[in-house]
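Spelled out, the chains give:
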Amino acid sequence: MSDNLVNGLSVDVEDWFQVGAFEGVIDRDQWDSLGSRVERNCEAILEMFARADVKATFFTLGWVAQRHGPLLRKIVDAGHELASHGWDHERVFRLDRASFAADLDRSRKALEDAGGVRITGYRAPSFSIDQRTPWAYMALAEQGFEYSSSVAPINHDHYGWRNAPRFAFKPLPWSDLIEIPVTTAHFAGRRLAAGGGGFFRVLPYGFSRWAIRQVNRQDKRPAVFYFHPWEIDPQQPRVTGASMRSRVRHYTNLDVMAKKLEQLIGDFAWGRMDLLAHRERALAVDLAA
Ligand SMILES: [Zn+2]
């Protein structure tokens with residue numbers, strides 16, 4: 001029966017030059033001069049979702065919203081949820097409370113203007129809410145957000161809040177805001193990030209199927225999965241100058257990603273993150289208790 005759980009499907013909408021792996025090589029003031037591929041890639045994703053008759057959440061940068069209004073309307077018109085991925089992919093732990101609140105407000109307004117809908121969901125760039133940023137949830141609650149999916153409860157070289165709960169939690173005593181961490185699986189005594197990114201693209205598909213089944217059947221909870229528009233785009237320009245490790249992570253298996261995604265979407269039930277948040281609220285662990 002637990003295979004009937006509806007899992008959360010999400011796309012982090014950013015262009016090929018906006019990823020964390022290349023931030024040391026490409027400056028923000030170059031972005032407007034680089035050829036954008038986010039629209040064509042999102043349109044391919046919308047077609048894939050339509051063929052599978054599945055709805056998802058598009059966590060979108062305010063920077064993208066400001067430049068690609070028609071794309072945002074298409075996402076909304078197709079029945080998907082539009083949510084925030086911050087303004088320009090600055091990681092939350094590099095901001096302070098005031099600058100984070102400003103980033104959040106600016107991106108939310110750009111998304112609401114372009115999409116014509118209220119924005120209630122947030123995903124931090126590079127899962128950058130962690131033990132260093134307790135003020136982030138206060139800013140989210142103050143601006144009317146209802147859920148965040150911004151925590152990777154693991155140890156990783158780029159990110160992670162190791163001791164965070166694996167499933168939904170309520171970070172503030174005075175607000176109903178919940179955090180829904182990205183999916184992790186237990187493997188060889190460790191927690192692995194199993195909700196997308198390199199785990200999904202680089203490893204054989206069987207690992208992801210095993211991990212999501214483990215979460216659905218053993219934990220009896222929904223999984224949260226994410227990917228990026230650039231991950232289905234083998235023709236994207238190659239960035240030189242980044243570390244070998246970054247380049248390997250970024251460019252491996254781009255050509256087989258769409259096929260893997262189609263298989264994943266067919267093997268499990270998927271839906272929007274706001275609906276998942278609605279169901280998970282009753283199960284959320286109270287961090288203040
Ligand atoms: Zn991102």
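Look up: the structure comes first, before these words.
Residues numbered from 1 in each chain as written. Predicted model: local features only at pLDDT ≥ 70, side-chain atom pairs only at ≥ 80, totals over all residues. Heavy atoms only, no water.

Draft legend 1. Spatial organisation of the overall build of the protein chain. Summing up its helical and strand segments, the protein chain has ten helices and twelve strands in all. Taken over C-alpha atoms, the radius of gyration comes to 18 Å for the protein chain, in line with the 19 Å a tight globule of 289 residues would show. Dimensions along the principal axes, computed over C-alpha positions, put the protein chain at roughly 50 × 45 × 40 Å. Counting over 289 residues, the protein chain shows a buried share of 56%. Taking as baseline every contact in the protein chain between residues at least 6 positions apart, the subset at least 24 positions apart corresponds to 77%. Of the accessible surface of the protein chain, which amounts to about 12,300 Å², a share of 51% is contributed by carbon and sulfur atoms. (Helix = DSSP H or I, 4+ residues; strand = E, 2+ residues; numbered from the N terminus. Rg over C-alpha atoms; globule rule 2.2 N^0.38 Å. Buried < 20%, exposed > 50% of the residue type's maximum accessible area, 1.4 Å probe, protein only. Contact = heavy atoms within 4.5 Å. Areas by Shrake-Rupley, 256 points an atom, 1.4 Å probe, with all protein chains shown as cover.)

Draft legend 2. How the structure looks around the pattern of salt bridges. Tallied over the entire structure, the rule returns 21 salt bridges. With a shortest N-O distance of 3.9 Å, glutamate 90 and arginine 28 are connected by a salt bridge. Within this pair, whereas glutamate 90 is found in the loop between β3 (81–84) and α4 (97–115), its partner arginine 28 is found in the loop between β1 (6–13) and α1 (38–52), the two being separated by 62 residues in sequence. Assessed through its relative accessible area of 35%, arginine 28 is described here as partly exposed. Between glutamate 231 and arginine 201 there is a salt bridge; the shortest N-O distance is 2.6 Å. Within this pair, whereas glutamate 231 is found in the loop between β10 (224–227) and α8 (244–251), its partner arginine 201 is found in helix α6 (residues 197–202), the two being separated by 30 residues in sequence. Within this structure, Glu23, Arg28, Asp88, Glu90, Arg91 and Arg94 form a network of salt bridges that share partners. (Salt bridge = Lys/Arg side-chain N within 4 Å of Asp/Glu carboxyl O.)

Draft legend 3. How the structure looks around the nonpolar core. Residues Phe49, Phe100 and Ile129 are the most contacted members of the largest nonpolar core, which totals 72 residues. Ignoring sequence-local partners within four residues, the contact set of phenylalanine 100 consists of Val92, Leu95, Tyr122, Trp135, Ala136, Ala139 and Leu140. Among the nonpolar cores identified, the runner-up in size contains eleven residues, and Phe59, Ala168, Met273 and Ala277 belong to it. (Core = buried A, V, L, I, M, F, W, Y, C linked by side-chain atoms within 4.5 Å.)

Draft legend 4. Layout of the coordination of the zinc ion. Around the zinc ion, the protein supplies Glu14 (OE), His85 (NE2) and His89 (NE2) as donor atoms, at distances of 2.0 to 2.1 Å. Read from N- to C-terminus, the donor residues coordinating the zinc ion fall into the pattern E-x70-H-x3-H. With respect to class, histidine 85 is no different from histidine 89; both count as buried. (Donors = N, O, S within 2.8 Å, 3.2 Å for Na, K, Ca; no water.)

Draft legend 5. Structural context of the environment of glutamate 179. With respect to the secondary-structure elements, glutamate 179 resides in strand β7 (residues 178–179). Taking the C-alpha atoms as reference points, glutamate 179 and valine 76, 103 residues apart in sequence, are found 23 Å from one another. Apart from the residues within four sequence positions on either side, glutamate 179 is in contact with Tyr137, Ser148, Ser149, Ser150, Val151, Ala168, Phe169 and Pro171. Among the polar contacts made by the side chain of glutamate 179, one reaches the side chain of tyrosine 137 at a distance of 2.8 Å. Looking at glutamate 179, its side chain comes within polar contact range of the main-chain nitrogen of valine 151, at 3.1 Å. (Polar contact = N/O pair within 3.5 Å; in protein donor to acceptor, adjacent residues only side chain to side chain.)

Draft legend 6. Layout of the packing of aromatic side chains. Counted by the stated rule, this structure contains 21 aromatic pairs. Relative to phenylalanine 58, the ring of phenylalanine 49 has its centre 6.0 Å away and its plane inclined at 70°; by these criteria the two rings are edge-to-face. Just as phenylalanine 49 is buried, phenylalanine 58 falls in that class too. Summarising the aromatic geometry, the rings of phenylalanine 127 and tyrosine 226 are spaced 4.9 Å apart at their centres and angled 70° between planes, so their arrangement reads as edge-to-face. Taken together, the residues phenylalanine 127 in the loop between β4 (121–122) and α5 (135–142) and tyrosine 226 in strand β10 connect sequence positions 99 residues apart. Through a chain of ring-to-ring contacts, three or more aromatic side chains come together here, namely Phe49, Phe58, Phe200, Tyr205, Phe225, Phe227, Phe268 and Trp270. (Phe/Tyr/Trp six-rings, centres within 6.5 Å; stacked < 30°, edge-to-face > 60°.)

Draft legend 7. Quick look at helix α9 (residues 257–267). Where α9 is concerned, the buried positions are Met257, Lys260, Leu261, Leu264 and Ile265. Take α9 and look down its axis: the buried residues cluster within an arc of 135°, on one side only. Among the exposed residues of α9, those oriented more than 90 degrees off its buried face are Lys259 and Gly266. On the buried face of α9, the contacting elements are β1, α1, α6, α7 (205–219), β10 and β11 (269–271). (Arc of directions from axis to C-beta.)

Draft legend 8. Structural detail: the pairing of β3. Burial of β3 is two-sided: the residues Glu81 and Ala83 facing one way and the residues Leu82 and Ser84 facing the other way are all buried. Pairing geometry for strand β2 (residues 57–60) and β3, over four bridges, is parallel. Considered in β3, the bridge of threonine 57 is made with glutamate 81. (Pairing = 2+ DSSP bridges.)

Draft legend 9. Region of interest: the pairing of strand β9 (residues 190–193). By the bridge criterion, four bridges tie strand β8 (residues 184–187) to β9 in an arrangement that is antiparallel. The residue of β9 that forms the bridge with alanine 185 is leucine 192. With antiparallel pairing between neighbouring strands as the criterion, β8 and β9 make up a hairpin whose turn holds two residues, including alanine 188 at a positive phi of roughly 50°.

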